[in-house]
Structures are given as C-alpha cells and as structure tokens.
Amino acid sequence: MTSGEVLLGMPSLPPPTLSERRKTRQLMVGAVGVGSEFPISVQSMTTTVTADVNATLQQIAELTAAGCDIVRVACPSQDDAEALPAIARKSQIPVIADIHFQPKYVFAAIEAGCAAVRVNPGNIKKFDDKVREIAAAAKDHGTPIRIGVNAGSLDPRLLAKYGKATPEALVESALWEASLFAEHDFHDIKISVKHNDPVVMIRAYELLAESCDYPLHLGVTEAGPAFQGTVKSAVAFGALLRQGIGDTIRVSLSAPPVEEVKVGAQILQSLNLRPRKLEIVSCPSCGRAQVDVYKLADEVTAGLEGMEVPLRVAVMGCVVNGPGEAREADLGVASGNGKGQIFVHGKVIKTVPEHQIVETLIEEAMRIAETMDGDGAPVVSVS
Ligand code: SF4
C-alpha cells in the first residue's frame, strides 16, 4: 500500500489472533500447494457417477465456481477408472481419485494424471500387497496420497484394542497406514482422521498433529443434513484452525456438494484464512426495530449475490446500534421512522424512504465495487 491509500474495514492476513500454522511437509496436489506454506484449501467430492464424464465435469465446474480448490471423485468400478483420464485432463481444479480396495484402480488413477489418490494402504495390504508398487508409481508420477481414516471403517484390530473409535484409535490407525508407505520411503502423504462427533474428531487431530508432520485434511464425517453438518463442521474446524491445525478442509453434508464448498469457504473467510468477499453485517432485530430487518437483509443479500469484492454491508434495524455499525462498514443503512440513513465509508451520504433502501444500497455497492481492484483488495486512492 502506498501513502495516500487507506484500507477500509479489511483485516490484514494472517490475522494476529490465530495461532501460527502448524509446520508440515509440503505437497503439490496438481497446481494446488498443500501444507503450512500454502493457503488452506477447500475440497469437496462429486456425487455423480464418475463414469458419466460430462455430468462429473459439469458438477466440478459448479464446485469450482463456488470456490472449491480440489475435488475428489469416487472410483469404484472399471468404467469409473476409464473415465479418469478425461476428467483429470478437463477439470479446472485438481482431481483426487478415491479408491478403497483395488490396487489396479490406484495405478489407473496415477496413470490417468489424477492430482492425488485417496487410498488406505492397509486395505490394499489385506487383499493384495501392492503397497511397494503403489509407492513407487506415485513417486515416479509425483502423485501424493491421502490416507483417510474414518471412525466407521476403523480396523477391527484397533476396535478390539480400544473398544470403539477413540481419538487414540484413529491416530494409531492413521500412523500405521502412513508407516506402510514410509517404509518404502514414500512421504508425500496427507492424512485425515474423521469422526462424526466433533469432540472426538478435534482430539484426534490434535493428537495426530503432535505425532507427525504430514499435512492434515480436516473433516467431520457423516456430519448430517445441511444445518447440523454446517454447525458441527464450523465448530470442529474452528477449534482446530484456531490452533493452526489443518491444511485442507471438507465439509461433509447430506446436501449438494456446492453447499459444502460454500460452507467451507465461509468458514475460512470467517477466520480470515481466506480473503473475505461480500459480508452482510445485519442485526438480529429486536423490539426496537423500525423496519423488517430479515426482509431487508435477505433482499440486499440477494441483490448483491455473486459480488466478488470484499465489501462489508451493514443492515441495521434502528438508530440505536445502527449508525455505529453502519459507520464501521464500507456501506450501510440505519433504519428508522420509515427512512434509511445510507452510510458510505462512515459518512451519511443520503437519507431515503424505506421503500428505496434496497435499491439504493445495491446501487452504492456497485459503485464502490468499481473502485476496488481486480483482486478485490479494498484499497482506494484518497488523493
Ligand atoms: S440495531 Fe436496533 S433493531 Fe437491530 S438488534 Fe440492535 S437495537 Fe434491535
């Protein structure tokens, strides 16, 4: 920033109140860096039949537009494996192939140019000990592997030892899986230890973070429908990211994957771990409200949907906290007596009748957005 320019309302990155990122090994998942030297990535998983290349690419395009950085596709059949080269080549974001038991699909995914493969070597070892060959092929192609331990599919040996999927059991399983690759000198690994209970999941990741320097992929598995899954994931990721733990995240929802991406991106934005885009600061309303705050906030949000600059818009229901909040935002309204005082960068620029509040806010938002640069950096010249 040069002298003569001011920052408006945006905290600088990284925020001073979160712990430093846990130091990890660095990986490249296609063009996306994963590890402590890189921004935290948002991931999701397609729900299409992978063999349906067009449908899968269409969904990947939607996920990309919503802010997804890396996408995973399931590969349970030969038809799916055969679709991987086209998907890996045409996807705008790196594609991870998700494979459970069949080594031949792991080799197919690596050959297909997938950016990474999710496979647990313990599963492979049980049926057909190809772990050494997989490690060699992955190393040759520069393909990282994600090891994903899930409470629901924990090794029976560890279930017997711990009685259930405790944090310690999940971590022991993950470290054992990683050791199966490490013994073949393969270390391009990231790990997840997912559980549906955020409390268990948080502890598992804390223990894992202390026990290795692999990048970690955060997830609350089977988190539930959108509302419950959003809350569980936000709570769990927040607790871990606050400590600097977590390099990629996936919000698992029983909802379309675009919703997962929106929630994941919003979690990172809320923690200032990803630059904020549009942010509506709206009050919850109360007995003092002199306007329908819910309706106003919904209409302003809808009118500004898709805005790509980090604009903070305050929508306040009365003149008690309204002017204060509206002044802190780039743009705001404090409503009262059938009118709205419109603030821009802390100054009242006009007062409009209630029925013109939404259109005025949208007009002013568009005007301010034009003064922000292409990256959305909230910098304006005051010369
Ligand atoms: S801004 Fe006014 S209406 Fe909104 S919650 Fe605060 S006091 Fe109530």
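Residues numbered from 1 in each chain as written. Predicted model: local features only at pLDDT ≥ 70, side-chain atom pairs only at ≥ 80, totals over all residues. Heavy atoms only, no water.

Where an unreviewed UniProt entry is consulted, the chain appears under the name 4-hydroxy-3-methylbut-2-en-1-yl diphosphate synthase (flavodoxin), with the organism given as Actinocrispum wychmicini. What UniProt states about the chain under its Function (unreviewed entry) heading is, verbatim, "Converts 2C-methyl-D-erythritol 2,4-cyclodiphosphate (ME-2,4cPP) into 1-hydroxy-2-methyl-2-(E)-butenyl 4-diphosphate." (UniProt positions renumbered as here; feature names shortened; annotations may be inferred.)

**Digging into the pattern of salt bridges**
Inspection of every chain in the model, using the stated rule, returns 20 salt bridges. Between Asp247 and Arg21 there is a salt bridge, with the nearest N and O atoms lying 2.8 Å from each other. With Asp247 in the loop between α9 (226–241) and β11 (248–251) and Arg21 in the loop between β1 (5–7) and β2 (27–29), this pair connects stretches of sequence that are 226 residues apart. The two residues Asp247 and Arg21 agree in class, both being buried. Close ionic contact of Glu279 with Arg312 constitutes a salt bridge, the shortest N to O distance being 3.5 Å. Note that Glu279 is positioned in strand β12 (residues 279–282) and Arg312 in strand β13 (residues 312–316), a separation of 33 residues in sequence. Note on Glu279: relative accessible area 23%, which makes it partly exposed. (Salt bridge = Lys/Arg side-chain N within 4 Å of Asp/Glu carboxyl O. Helix = DSSP H or I, 4+ residues; strand = E, 2+ residues; numbered from the N terminus. Buried < 20%, exposed > 50% of the residue type's maximum accessible area, 1.4 Å probe, protein only.)

**Let's talk about the packing of aromatic side chains**
Scanning the entire structure with this criterion turns up one aromatic pair. Lying over the aromatic face of Trp176, Arg157 brings its terminal NZ or CZ to 4.9 Å of the ring centre. (Phe/Tyr/Trp six-rings, centres within 6.5 Å; stacked < 30°, edge-to-face > 60°. Lys NZ or Arg CZ within 6 Å of the ring centre and 35° of its normal.)

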